[in-house]
Amino acid sequence: MSTINFAKREISFKIVYYGPAMSGKTTNLRYIYTTIPEKVKGDFTSIATETERTLFFDFLPLELGSIKGFTIRLSLYTVPGQYIYKLTRKSVLRATDGIVFVADSQIEKKQENIDSFQDMIENLIEFGENVETMPIILQYNKRDLPNILSIEELQQDLNKDNKYQYFEAIAQEGINVIETLKAVTKLVVQKA
Amino acid sequence: MEGRLSKVQIVLNEEELKKIEELFGEFLAESEARDIVLLNKSGELLAKSGDITSDVAQNISALAAGVFSATNELARLLGEKEFTITFHQGQETNIHISLITQNALLAMIFDNKLPIGAIRFWAKKTGTEIKPIIEQAEKRAESQTQKVINEDVEKDIEDLF
Ligand SMILES: Nc1nc2c(ncn2[C@@H]2O[C@H](COP(=O)(O)OP(=O)(O)OP(=O)(O)O)[C@@H](O)[C@H]2O)c(=O)[nH]1
Ligand SMILES: [Mg+2]
């Protein structure tokens, strides 16, 4: 739920990076954290296992600047993608304003992408969110790897009606990470 | 299916924020709490009082909302609708997190010298006092159909990055 603070003339949005295990969600936030440090407000919090897999969530607070006299703040979260954290994942998604779905382009991840997307939609419905109007951006990540699905195939799996804007990314190298963030920001601000 | 209310924004105006901060100041002095933080279920900081900086309060908000939300998945597994209070006790510090309206959570941080009963008492009292102010803000948000940012923001957002 976006929060409008008229006293401070601030609007805050929650954005969740969702997707299957190891797709690159945390890598997106890390890249943002190191690339636009001047916009980071507070600490990058990562609740992870000893092997750096997200256990609960990552949290990165940003202050982008102001639009029409309102300061725009974003709270970026990632969910834990591993199957066993299903309920934790659901709890992080609650009350979000927008979603970046990070898919893993590798051929063997095809079904995991589909399942994760479906799981996300089911959670949204359970929260009583309007799935039709929820701002969602797709990121097809790991485009640098050799055995990957074609964009057509990914579109067929996750975006059949071409409802969502998508980006081809290499999060590890920062390719299209900021563009993805920009796109979801546009959607959530326009909806406010 | 959860209620529509969960998506209501909290729109605080200047007056309400001032009132809340005033009340927090009073309770801080009376209860010997160290900090008080008001946040919503999505982890946004709404108001704070005490020595903590806004940055730290923002992080506390994100984590407290996360803890609260995870605790509620636990509740559901156990057949409870909701746990409305979570409490964490450390060597030196305690934190008491309680749900005070549909959307708002109150986190109060205490030194360990206060007995648990007293912490419960003060958290409850503080929550009860600010509840009507927040409910009023929630009600206003619900009836606010007009958009805050109307114009085309495409270019403005380009310029932000
Ligand atoms: N080749 C390649 N590897 C990537 C890319 N993006 C991320 N990775 C790697 O993929 C692995 C997993 O990345 P994370 O960002 O931790 O994945 P995650 O989605 O947060 O995973 P969970 O926290 O378990 O859900 C890491 O070893 C990254 O370095 C990419 O674009 N290309
Ligand atoms: Mg992760």
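Looking at an unreviewed UniProt entry, one finds chain B named Roadblock/LAMTOR2 domain-containing protein and attributed to Caldisericum exile.

As annotated in an unreviewed UniProt entry, chain A carries the name Gliding-motility protein MglA and comes from Caldisericum exile.

This part covers the interface of chain B and chain A. In this assembly, 44 residues from chain B lie in contact with 51 residues from chain A. On the chain B side of the contact with chain A, Ile 149, Leu 160 and Phe 161 of chain B bury the most area, a combined 16% of that side's loss. Remark: the boundary between chain B and chain A carries six salt bridges. On inspection of chain B and its partner chain A, the count reaches 11 residue pairs in polar contact (both at pLDDT 80 or more). Mapped onto the side of chain B that touches chain A, the elements with two or more residues apiece are β1 (11-12), α1 (14-31), α2 (54-77) and α4 (154-160) of chain B. Of the residues belonging to the side of chain B that touches chain A, the class tally is 18 nonpolar, 12 polar and 14 charged. As paired elements, strand β1 (residues 3-5) of chain A and β1 of chain B share two bridges and run parallel to each other. Within β1 of chain B, the residue paired with Asn 5 of chain A across the bridge is Leu 12 of chain B.

To continue, consider a negative patch on the surface. All names here are of chain B. Together, Glu 22, Glu 26, Glu 30 and Glu 129 give the surface a local cluster of negative charge. Considering each element in turn, the negative patch owes the most residues, three residues, to α1. Relative to the helices and strands, Glu 30 resides in helix α1.

Rules and cut-offs
- Residues numbered from 1 in each chain as written.
- Chains lettered and ligands numbered in written order.
- Predicted model: local features only at pLDDT ≥ 70, side-chain atom pairs only at ≥ 80, totals over all residues.
- Heavy atoms only, no water.
- Contact = heavy atoms within 4.5 Å.
- Buried area = accessible area lost by both parts, 1.4 Å probe.
- Salt bridge = Lys/Arg side-chain N within 4 Å of Asp/Glu carboxyl O.
- Polar contact = N/O pair within 3.5 Å; in protein donor to acceptor, adjacent residues only side chain to side chain.
- Helix = DSSP H or I, 4+ residues; strand = E, 2+ residues; numbered from the N terminus.
- Nonpolar A, V, L, I, M, F, W, Y, C, P; charged D, E, K, R; others polar.
- Pairing = 2+ DSSP bridges.
- Patch = residues over 30% accessible without salt bridge, like charges linked within 9 Å, V, L, I, M, F, W, Y side chains within 5 Å.
- Areas by Shrake-Rupley, 256 points an atom, 1.4 Å probe, with all protein chains shown as cover.
- Lys, Arg positive; Asp, Glu negative; His and termini not counted.
- Charge placed at Lys NZ, Arg CZ, Asp CG, Glu CD.

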